[in-house]
Amino acid sequence: MNHGMLAGWMRRVGTAIRHAPGLRSLSPVWGAVRPLYQAALRGAAGGHGVVVHVGGEPIRLDAAFTTVSWERVEREGYDAYRAALHAGDLVFDVGAHLGTYAVLGARAVGPTGRVIAFEPVPGTRAALERHLRYNDVADRVTVRDAACSDTPGMLTLHIVDEVADAEASPVARAGARAIEVPRTTLDLERGRLARRVALVKIDVEGQELAVLEGARALLVQDRPLLLVSLHPPMLAAQGIATADALAWLHAAGYGTRVLSEGHEVQVLATPQGG
């Protein structure tokens, strides 16, 4: 059995045990053994990442992130994302996190395409860059250290885990600490490029409208497809309803289709008319 097969087998067994309904009460035990399990997975993978299946495609991730049931995560969103992309496309991945969308996007757009991945949290960005290397797509992805918003400058983010905090947000929360990160707008980023943006994926923990406000010229000029993850609790903390975000998209000339609803609402927005 080679490194990849061994690590994959270990991961499947570990994930099945971890998420078995009758064993969920053993979370404290899991917390104690997790570092040893992850170290064993990392060793079995031989320094090349552990294969998981995201949106039906194999992706290599660091062992620290492979206990998630990736096979069941955001399947509708990944499917819509890949179906929308073509060779040579330019993609903005706003809130790239660990890079699963960036990897799939880089594969879909091919060597003539480009993914611009925005990830402002330093530890998470390091994991993103590592995953791009593991999957041999680093040459197709430009990683930016900025958060996207409605104006440039600096932005305060609240994070709990600097390595992979999926809820890093300007909205304060219990147990989080504040960090300062650069802030840009998609209109500014588009202005640096000489080609059309085909798709914008946005997953920014309640800052979706700020990102869209900073992309008004881009949306008029390029009419890209939008894959937007709305986060109702984070939006509500700012006095914004999910319906408000959908109304914004409709006013910008986009039709919307809800792909999935859970802890977030994933929306595919398609330009309407001319």
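Throughout what follows, the structure given in this document is the object of discussion. Keep in mind that this is a model prediction, so the values were computed, not measured.

A short note on the pattern of salt bridges
Here is step 1 of the chain: In the structure shown here, the tally under the stated rule is 11 salt bridges.
Here is step 2 of the chain: Measuring nitrogen to oxygen at the nearest pair gives 3.2 Å for the salt bridge that ties aspartate 79 to arginine 75. Placement of both aspartate 79 and arginine 75 in helix 3 (residues 75-84) is noted, with a separation of four residues, approximately one turn of the helix.
Here is step 3 of the chain: Note on aspartate 79: relative accessible area 32%, which makes it partly exposed.
Here is step 4 of the chain: Notably, a salt bridge pairs arginine 216 with glutamate 213, separated by 2.8 Å at the nearest N-O pair.
Here is step 5 of the chain: Within the structure, one salt-bridge network assembled from shared partners comprises Glu57, Arg75, Asp79, Arg82 and Arg107.

A look at the nonpolar core
The tendency in soluble globular proteins is for nonpolar side chains to be buried as a group.
Here is step 1 of the chain: Within the largest apolar cluster, 32 residues are counted, with the highest numbers of intra-cluster contacts made by Val54, Trp70, Tyr81, Val91 and Leu132.
Here is step 2 of the chain: Those elements giving two or more residues to this core turn out to be strand 1 (50-54), strand 2 (57-61), helix 3, helix 4 (100-109), strand 4 (114-118) and helix 5 (122-134).
Here is step 3 of the chain: Each residue touching valine 54, except ones within four places of it in the same chain, is listed here: Ile59, Trp70, Tyr78, Thr100 and Leu104.

What about the packing of aromatic side chains?
Here is step 1 of the chain: Evaluated as defined, the whole model comprises three aromatic pairs.
Here is step 2 of the chain: For the pair tyrosine 78 and tyrosine 101, a centre-to-centre distance of 4.2 Å together with 20° between the ring planes defines the contact as stacked. Of the two residues, tyrosine 78 is situated in helix 3 and tyrosine 101 in helix 4; the sequence distance between them amounts to 23 residues. Residue tyrosine 78 shares its accessibility class with tyrosine 101, and that shared class is buried.
Here is step 3 of the chain: Between tyrosine 81 and tyrosine 101, the aromatic rings sit 5.0 Å apart at their centres with planes inclined by 85°, giving edge-to-face as the arrangement. You can see tyrosine 81 sitting in helix 3 and its partner tyrosine 101 sitting in helix 4, a full 20 residues away along the chain.
Here is step 4 of the chain: Using a relative accessible area of 1% as the deciding quantity, one classes tyrosine 81 as buried.

Scoring rules and cut-offs
- Residues numbered from 1 in each chain as written.
- Predicted model: local features only at pLDDT ≥ 70, side-chain atom pairs only at ≥ 80, totals over all residues.
- Heavy atoms only, no water.
- Salt bridge = Lys/Arg side-chain N within 4 Å of Asp/Glu carboxyl O.
- Helix = DSSP H or I, 4+ residues; strand = E, 2+ residues; numbered from the N terminus.
- Buried < 20%, exposed > 50% of the residue type's maximum accessible area, 1.4 Å probe, protein only.
- Core = buried A, V, L, I, M, F, W, Y, C linked by side-chain atoms within 4.5 Å.
- Contact = heavy atoms within 4.5 Å.
- Phe/Tyr/Trp six-rings, centres within 6.5 Å; stacked < 30°, edge-to-face > 60°.

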